[in-house]
Amino acid sequence: MRLSASGIGVLLTSFAMPCMLRCSMSEGPRLCVVTQRAGPLTKTYTTDRTSRVEWAARQQCRGSPFSDPMIWGKSEQKLELYLALFGFSGAHYVLTFRDADLPRDFGGVKRRLAAFVRRVRRRYPEVRRYVYGVEAGHEHDRWHLHFVADEQELPLETVAELWRYGFVNPGYHEYPVLCQDDGYRRLAHYLCKPDRMIPLGRHRWGAAKEMRCMIPPPTVRVQTRRPGVPKDAFWTGFEAAPVRKVGGQSSPLMEYSDWIAAPKPGTYQFLEADVKT
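What you see is a predicted model; the values in this text were computed from it and never measured. (Residues numbered from 1 in each chain as written. Predicted model: local features only at pLDDT ≥ 70, side-chain atom pairs only at ≥ 80, totals over all residues. Heavy atoms only, no water.)

**Quick word on the overall build of the protein chain**
- Per the secondary structure count, the protein chain includes six helices and 11 strands.
- Counting all 277 residues of the protein chain, 48% fall into the buried class.
- For the protein chain, the proportion of contacts with a sequence separation of at least 24, taken over those separated by at least 6, is 75%.
- Summed over all atoms, the accessible surface of the protein chain reaches about 14,800 Å², with 53% contributed by carbon and sulfur. (Helix = DSSP H or I, 4+ residues; strand = E, 2+ residues; numbered from the N terminus. Buried < 20%, exposed > 50% of the residue type's maximum accessible area, 1.4 Å probe, protein only. Contact = heavy atoms within 4.5 Å. Areas by Shrake-Rupley, 256 points an atom, 1.4 Å probe, with all protein chains shown as cover.)

Listed below in structure tokens is the structure:
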């Protein structure tokens with residue numbers, strides 16, 4: 001099914017919100033490209049089924065900055081967008097509990113986390129970005145927290161001072177958020193792994209509420225070219241579903257192309273190479 005120029009006009013009229021749909025009039029296969037950005041991270045989804053244009057437009061018009069379009073609706077993918085808001089200066093801290101302050105349950109961990117965040121807010125009211133993850137581990141079932149912040153806003157010394165329930169143990173491979181081998185996905189995947197100690201129906205990670213409005217809504221375009229990836233990108237990732245033919249019909253094209261833009265000159269960077277052992 002091909003979507004004509006008049007059909008696109010009807011589609012745009014049917015959605016009051018600005019859905020940024022554009023159609024190239026040149027010859028060639030038409031591709032629907034959905035683009036989601038967060039910080040230096042760009043995620044794209046490309047399909048050749050123009051019937052998906054209306055679906056993609058609905059996802060954009062819902063206006064949710066972190067869960068639309070639904071192709072990036074998994075918990076790990078949402079968390080990846082939040083982590084990207086720290087750019088190249090995100091730091092990952094592991095907050096442990098001493099025996100005397102070790103919570104008995106998940107609720108106790110969240111209460112201590114809330115008290116810690118209040119101390120951070122009182123001391124540094126300008127801090128509006130943080131992400132946390134709750135974990136009990138898989139060997140000793142001992143509760144601890146993962147806390148992500150901007151290394152310039154909350155360096156290790158400050159976090160250790162404000163965390164009053166135990167030690168802050170970053171560890172070499174856990175400290176920087178951004179990884180050149182796997183982007184923001186490495187930490188997002190780690191914080192979303194199953195943990196049998198987390199109660200059913202409870203979310204094991206969260207982010208500062210101010211961060212929701214920092215992620216722009218996705219854009220949708222109808223074009224004849226696949227999205228271009230910058231040659232100097234800091235990191236790139238690509239996935240594609242295999243295209244199969246069944247009964248003379250081909251399965252839809254589904255490609256996911258992601259990249260992290262190279263930092264601009266003078267940008268502060270906190271990466272693995274900067275961590276001192």
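**Structural notes on the side chain of Q223**
- Within the fold, Q223 resides in strand β7 (residues 219-223).
- Within the structure, the side chain of Q223 is placed 3.0 Å from the side chain of R221, a separation counted as a polar contact. (Polar contact = N/O pair within 3.5 Å; in protein donor to acceptor, adjacent residues only side chain to side chain.)

**A look at the sheet that holds strand β4 (residues 131-135)**
- Spatially, β3-β5-β4-β6 is the arrangement adopted by the four strands of the open sheet, whose pairing is antiparallel. The open sheet has two free edges, formed respectively by β3 (90-96) and β6 (205-207), since each of these has just one partner strand. Averaged over all pairs of adjacent strands, the angle between their axes in this sheet comes to 20 degrees, without regard to strand direction.
- Note that β4 and strand β5 (residues 144-150) share five bridges and pair antiparallel. Paired with G133 across the strands is H146, a residue of β5. (Pairing = 2+ DSSP bridges. Axes fitted to C-alpha atoms, helices over the stretch in contact; angles between N-to-C directions.)

**Some details on the pattern of salt bridges**
- One pass over the full model with this rule turns up 14 salt bridges.
- A salt bridge links K193 to E135; its shortest N-O distance comes to 2.6 Å. Within this pair, whereas K193 is found in the loop between α6 (185-191) and β6, its partner E135 is found in strand β4, the two being separated by 58 residues in sequence.
- Salt bridges sharing partners connect three or more residues here, namely K43, E80, R185, E239 and D258. (Salt bridge = Lys/Arg side-chain N within 4 Å of Asp/Glu carboxyl O.)

**Observations concerning the pairing of strand β2 (residues 41-47)**
- Burial within β2 is extensive, with seven of its seven residues counted as buried.
- Residues L41, K43, Y45 and T47 of β2 are buried on one face, and the alternating residues T42, T44 and T46, pointing to the opposite face, are buried as well.
- In this antiparallel pair of consecutive strands, strand β1 (residues 31-38) and β2, the connection spans two residues, and G39 shows a positive phi of 60 degrees.

**Digging into the nonpolar core**
- Ranked by size, the top nonpolar core spans 55 residues in total, and within it L83, L95, F116 and F147 carry the most contacts.
- At the level of elements, α3 (75-84), β3, α4 (106-123), β4, β5, α5 (156-162) and α6 are the ones that each hand at least two residues to this core.
- It is α4 that provides the largest number of residues to this core, a total of seven residues. (Core = buried A, V, L, I, M, F, W, Y, C linked by side-chain atoms within 4.5 Å.)

**A look at the packing of aromatic side chains**
- Taken as a whole and judged by the stated rule, the model has 12 aromatic pairs.
- Ring geometry for Y45 against Y256: centres 5.2 Å apart, planes inclined by 40 degrees, an arrangement best described as tilted. Taken together, the residues span a long stretch of sequence, with Y45 in strand β2 and Y256 in strand β11 (residues 255-260) at a distance of 211 residues.
- The buried category is assigned to Y45, whose relative accessible area is 1%.
- Residue placement shows K193 over the ring face of Y190; its charged tip is 3.4 Å from the ring centre. (Phe/Tyr/Trp six-rings, centres within 6.5 Å; stacked < 30°, edge-to-face > 60°. Lys NZ or Arg CZ within 6 Å of the ring centre and 35° of its normal.)

**Focus on the side chain of D150**
- One can find D150 in strand β5.
- A polar contact of 2.8 Å, which involves the side chain of D150, links it to the backbone nitrogen of Q152.
- D150 has contacts with F86, S89 and R129, leaving out every residue within four places of it along the chain.

**So, the sheet that holds β1**
- Pairing is antiparallel in the open sheet, where five strands are placed in the order β7-β1-β2-β11-β8. Every interior strand has two partners, whereas the edge strands, β7 and β8 (235-240), have only one. In this sheet, adjacent strand axes meet at a mean angle of 15 degrees when their direction is disregarded.
- By the bridge criterion, six bridges tie β8 to β11 in an arrangement that is antiparallel. Paired with G237 across the two strands is D258, which belongs to β11.

**Considering the environment of Y130**
- Mapped onto the fold, Y130 is located in the loop between α4 and β4.
- Overall, Y130 belongs to the buried group, its relative accessible area being 13%.
- Residues Y130 and A91 lie 39 residues apart in sequence; the distance between their C-alpha atoms is 9.9 Å.
- Sequence-distant contacts of Y130, that is, excluding residues within four places in its chain, are made with F86, V117, R121, F147, V148, G206, A207, A208 and M211.

**Thoughts on α3**
- Within α3, seven of the 10 residues are buried, which leaves it mostly tucked inside the rest of the structure.
- Along α3, the residues that are buried comprise K78, L79, E80, L81, Y82, L83 and A84.
- Summarising the contacts, the buried residues of α3 are in contact with β1, β2, β4, β5, α6 and β6.

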